[in-house]
Amino acid sequence: MRLRPLVMASAVTAALVVTPASAAPAGRVLGYVANNGGGVSVIDTATNAVSETISDGDGSTPYMAAVAFDGTRGYVTNTVQNTLTIIDTPTNTVDKSVPVGSHPAGVAVAPGGGFVYVTNYGDGTVSVVDTATLTVTATINVGSNPDGIVVTKDGKGVYVTHDVVGPSTVSVIDTTANAVVADIPVGSTSTAIAASADGTRIYVVNKGSDNISAIDVATRAVVGTAAVGFTPHGIALLPNGTRAYVTNSEFDSVSVVDLAAMVETQKIFVGDRPIGVALTPDGASAYVTNFNSNTVSVIDTASNTVTGSIAVGQRPVGIAVNFVPPAASKLVAGSAQLQVRLLGFTVRSLDATLTEKHTGAPVAGQQIVFRTVKGNPLCTATTNSYGKATCDANVSLLVGLSTLLQGYTASYAGNNEHGGASAHGIITLL
């Protein structure tokens, strides 16, 4: 369930009236913040404000969050309930909670979105979730305290960190066999992990060593190390692969690392105890969760300066930022009555109801345009709290009785939150 605003998300269906491609809704870039104190805060990056909070009765202590590549699903681990919460991101509603292993921590989505991989910190396993059936299809033993997880660009390998004191390793899972095929030595107490967009490098945060390791995917060997701040925790990479942003949880800062030279070039000071970090798809902004401040810091990556702070839930940890398309909407038209006047016609009680296709919830405050089947304008109305729009129309004799008796078209153009839709209604003589 979620705390739903008055105007609810919805989007795309079609038919009789088609919105031009150039006017199609663009969707939104949203940030999903998993608060260890409960709930997922949704940040609209256009306004840098929390637009709503998603809650799951079975998942009050989420730890990490990841969003599928196409933005239509979000996945949040719940460390106490031992579940993976599935979020429909266009409507920001919880679809299901899937039981996984003990104390799930990290989560990663395979290219193509067919599988989700979850590290189970408490029992040393990785759960493989089939996204078509939303069931666990395999459980892989990987070793103590599996934490961060990432899938390679080709989907053939899954890399898993181990949050153990002292020299640590990264386990490599072959996704065909669903078995560990290699263990790569890295630094101490490895946590977060990220993959380069070109698929050639994996970068590992070593919390106990205060550095990050670069792994060559082809050779499965460490090819570089970069020192960062005290007790690093999270990592995110620019889409072009030139820089990494690493949170330093005990130094209240974010290290900027030149990945070609594997050297820290700058520290950016943020809130108290930064943990997670995620970049917008265009790489223009980095969003950092501050565990003790209950905030998210916004960094402009062009200037590497903090440009804002957003209040979120209690003890924010994981964060994912992704493009989210408009939600599919459904428009249903009713029946209107035609009255013939001396110099024209009156069409009474034109109506249409707009709802979210995924949830069936009404969509309020949206403009519905009514026309004849030949495109003659009739009237325009706004949906009420039940998603219903109604209006009457006075029509010229030139439109013609036969045209009016063919019915009417109700259309909704859509916006970034709601997709366009249309429907055909009936007109009958009084």
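Anything mentioned here points back to the structure above.
Attention in this report is confined to the structure presented alongside it. (Residues numbered from 1 in each chain as written. Predicted model: local features only at pLDDT ≥ 70, side-chain atom pairs only at ≥ 80, totals over all residues. Heavy atoms only, no water.)

1. Quick look at the overall build of the protein chain
Let me state the cut-off plainly: Here a strand is any run of E in DSSP of at least two residues, a helix any run of H or I of at least four, and the numbering for each starts at the N terminus. Each residue's exposure class comes from its accessible area (1.4 Å probe, protein chains only) as a fraction of the maximum for that residue type: buried when under 20%, exposed when over 50%, partly exposed otherwise. Between two residues, a contact is recorded if the distance between any of their heavy atoms is within 4.5 Å. In short, Shrake-Rupley with a 1.4 Å probe defines the accessible areas, and a residue's cover is counted only from the protein chains shown. We treat Lys and Arg as the positive residues and Asp and Glu as the negative residues; His and chain ends play no part in the count. For the purpose of locating charges, the reference atoms are NZ of Lys, CZ of Arg, CG of Asp and CD of Glu.
Within the protein chain, the regular secondary structure consists of one helix and 36 strands. Burial status across the protein chain gives 55% buried among its 430 residues. Look at the contacts in the protein chain between residues 6 or more apart in sequence, and 48% of them connect residues 24 or more apart. Only carbon and sulfur atoms are counted for the fraction: they give 54% of the accessible area of the protein chain, which is about 16,800 Å². Of the charged side chains in the protein chain, 21 are positive and 28 negative; the average position of the first set lies 12 Å away from that of the second.

2. Observations regarding the pattern of salt bridges
Side chains bearing opposite charge may pair, as long as their charged atoms lie close to each other. Note the following rule: We count a salt bridge whenever a side-chain nitrogen from Lys or Arg sits within 4 Å of a carboxyl oxygen from Asp or Glu.
Counted according to the given criterion, the structure contains four salt bridges. Residues E264 and K267 are paired through a salt bridge, measuring 2.9 Å at the closest nitrogen-oxygen approach.

3. What to know about a nonpolar patch on the surface
Just so we agree on the cut-off: Patches here: salt-bridge-free residues with over 30% relative accessible area, like charges joined within 9 Å, nonpolar side chains (Val, Leu, Ile, Met, Phe, Trp, Tyr) joined within 5 Å.
The grouping of V340, L401, L405 and L429 at the surface amounts to a nonpolar patch, some 330 Å² of accessible area in total. Relative to the elements of secondary structure, L429 occurs in strand β36 (residues 421-429). Residue classification places L429 among the partly exposed residues on the basis of a relative accessible area of 47%.

4. Considerations on the sheet that holds strand β22 (residues 253-258)
Within a sheet, each strand pairs with its neighbour through backbone hydrogen bonds, oriented either parallel or antiparallel. Worth spelling out the cut-off: One bridge is not enough; two strands pair if DSSP finds at least two bridges between them. Axes, fitted as lines to C-alpha atoms, cover a helix only where it is in contact. Angles between the N-to-C directions of the axes lie from 0 to 180 degrees.
The strand order across the open sheet built from four strands is β20-β21-β22-β23, with neighbouring strands paired in antiparallel fashion. Edge positions in the open sheet fall to β20 (232-237) and β23 (263-269), since each of these has one partner strand only. Looking at each pair of strands side by side, their axes are set apart by 25° on average, direction ignored.

5. Here we look at the packing of aromatic side chains
Note the threshold: Whether two aromatic rings pair depends on their centres lying within 6.5 Å, for rings of Phe, Tyr and Trp, where Trp uses its six-membered ring; planes under 30 degrees apart make the pair stacked, over 60 edge-to-face, and the rest tilted.
Summed over the entire model, instances satisfying the criterion amount to three aromatic pairs. A ring pair is formed by F230 and F251, whose centres lie 5.2 Å apart and whose planes are at 80°; its orientation type is edge-to-face. Taken together, the residues span a long stretch of sequence, with F230 in the loop between β19 (221-227) and β20 and F251 in the loop between β21 (243-248) and β22 at a distance of 21 residues. On the basis of relative accessibility, which here comes to 31%, the residue F251 falls in the partly exposed class. Grouping aromatic residues by their ring pairs yields a cluster made of F230, F251 and F269.

6. With respect to the sheet that holds strand β6 (residues 83-88)
The strand order across the open sheet formed by four strands is β4-β5-β6-β7, and the pairing between neighbours is antiparallel. This sheet does not close on itself; its edge strands, each paired only once, are β4 (62-67) and β7 (93-99). Across the sheet, the mean angle separating the axes of adjacent strands is 20° when strand polarity is ignored. Taken together, the six bridges between β6 and β7 define a ladder with antiparallel strand orientation. Note that in β7 the partner of L84 across the bridge is V98.

7. Notes on the nonpolar core
Rules: For this analysis, a nonpolar core means a set of buried residues of the types Ala, Val, Leu, Ile, Met, Phe, Trp, Tyr and Cys, connected via side-chain atoms within 4.5 Å.
With 27 residues, the main nonpolar core has L331, L350, I368, F370 and Y408 as its most contacted residues. Elements supplying a minimum of two residues to this core: β29 (329-333), β30 (335-341), β31 (344-356), β32 (367-372), β33 (377-382), β34 (388-396), β35 (408-412) and β36. No other element matches β31, which puts five residues into this core. The contact partners of I368, leaving out residues within four places of it in the chain, are L331, A352, L354, C379, T380, A381, T383, A389, A410, S411 and Y412. Counting 15 residues, the second-largest nonpolar core is a separate cluster that includes A194, A226, V257 and L259.

8. Observations regarding the pairing of strand β9 (residues 115-120)
Burial of β9 is extensive: five of the six residues sit out of reach of the surface. Relative to β9, strand β8 (residues 104-109) runs antiparallel, the two being bridged by four bridges. Following the sheet pairing, V107 is matched in β9 by V118. Connecting β8 to the next strand, β9, in antiparallel fashion are five residues, including G112 with a positive phi near 90°. Where β9 meets strand β10 (residues 125-130), six bridges bridge the pair, whose relative direction is antiparallel. Residue pairing for β10: F115 is matched across the bridge by D130. In this antiparallel pair of consecutive strands, β9 and β10, the connection spans four residues, and G124 shows a positive phi of 70°.

9. A few points about the side chain of T89
By the element assignment, T89 lies in the loop between β6 and β7. Accessibility expressed as a relative area gives 0% for T89, which makes it buried. Excluding its chain neighbours within four sequence positions, the residues that come into contact with T89 are Y32, V67, G71, T72, R73, G74 and V324.

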